[in-house]
Amino acid sequence: MDLLVQIQSLVYSFVYGYFFSYILNLNYQFLTAKHIVIRLLTNLFFVIDNVLLYFILLRIINSSIFHVYFLFMIILGFLYGNKYSKKIRKRKF
């Protein structure tokens, strides 16, 4: 894998961590619902959809090669995004 593809993958992982944080905070009321069935189904579909989306887009960028530092970039993007999108949780829809 050449340097340009690695940089694109790192940027994509960071942006995906930010996106994941935003979507998590947006769906927070469903992920913490009182009914156990709704909470279980929502968590299951939420995780499966996000993992599939990440690996499908990673396959487009670099043929599905995953390195540990991509995971670090996802975590950094998540923490950075969570800092700014946490206010969404408090809104009532």
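The structure we're discussing is the one just above.
The structure contained in this document is the topic of the report that follows. Note that the structure is a prediction, hence the values are computed from the model and not measured. (Residues numbered from 1 in each chain as written. Predicted model: local features only at pLDDT ≥ 70, side-chain atom pairs only at ≥ 80, totals over all residues. Heavy atoms only, no water.)

### What about unusual backbone geometry?
Inference 1: Positive phi is not limited to glycine here, since serine 63 has a value of about 60°.
Inference 2: The backbone of serine 64 shows a phi angle near 60°, a positive value even though the residue is not glycine.
Inference 3: As for its position among the elements, serine 64 is in the loop between α3 (36-62) and α4 (68-85).
Inference 4: Overall, the relative accessible area of 35% leaves serine 64 in the partly exposed class. (Helix = DSSP H or I, 4+ residues; strand = E, 2+ residues; numbered from the N terminus. Buried < 20%, exposed > 50% of the residue type's maximum accessible area, 1.4 Å probe, protein only.)

### Regarding the packing of helix α1 (residues 3-26) against α3
Inference 1: In contact at an axis separation of 10 Å, α1 and α3 are set at 160° when each is read in the N-to-C sense. Here α1 lies roughly antiparallel to α3, going by the angle between them. At the point where α1 passes α3, the crossing takes the right-handed sense. Judged by residue contacts, Val5, Gln8, Ser9, Tyr12, Ser13, Tyr16, Phe19, Phe20, Ile23 and Leu24 of α1 engage Phe46, Asn50, Val51, Leu53, Tyr54, Leu57, Leu58, Ile61 and Asn62 from α3. (Axes fitted to C-alpha atoms, helices over the stretch in contact; angles between N-to-C directions. Parallel < 35°, antiparallel > 145°, perpendicular 65-115°, else oblique. Left-handed = near helix turned anticlockwise from the far one by under 90°. Contact = heavy atoms within 4.5 Å.)

### Focus on the side chain of serine 21
Inference 1: Its location among the elements puts serine 21 in helix α1.
Inference 2: One polar contact links serine 21 to serine 85, side chain to side chain, over a distance of 3.4 Å. (Polar contact = N/O pair within 3.5 Å; in protein donor to acceptor, adjacent residues only side chain to side chain.)

### Side note on the nonpolar core
Inference 1: One finds Tyr12, Tyr16, Tyr54, Leu58, Phe70 and Ile74 forming the largest nonpolar core, which totals 6 residues.
Inference 2: Listing elements by their share of this core, those giving two or more residues are α1, α3 and α4.
Inference 3: The contacts of leucine 58, once residues within four sequence positions are left out, are Ser9, Tyr12, Ser63, Ser64, Ile65 and Phe66. (Core = buried A, V, L, I, M, F, W, Y, C linked by side-chain atoms within 4.5 Å.)

Just geometry here; none of it tells us what the structure is for.
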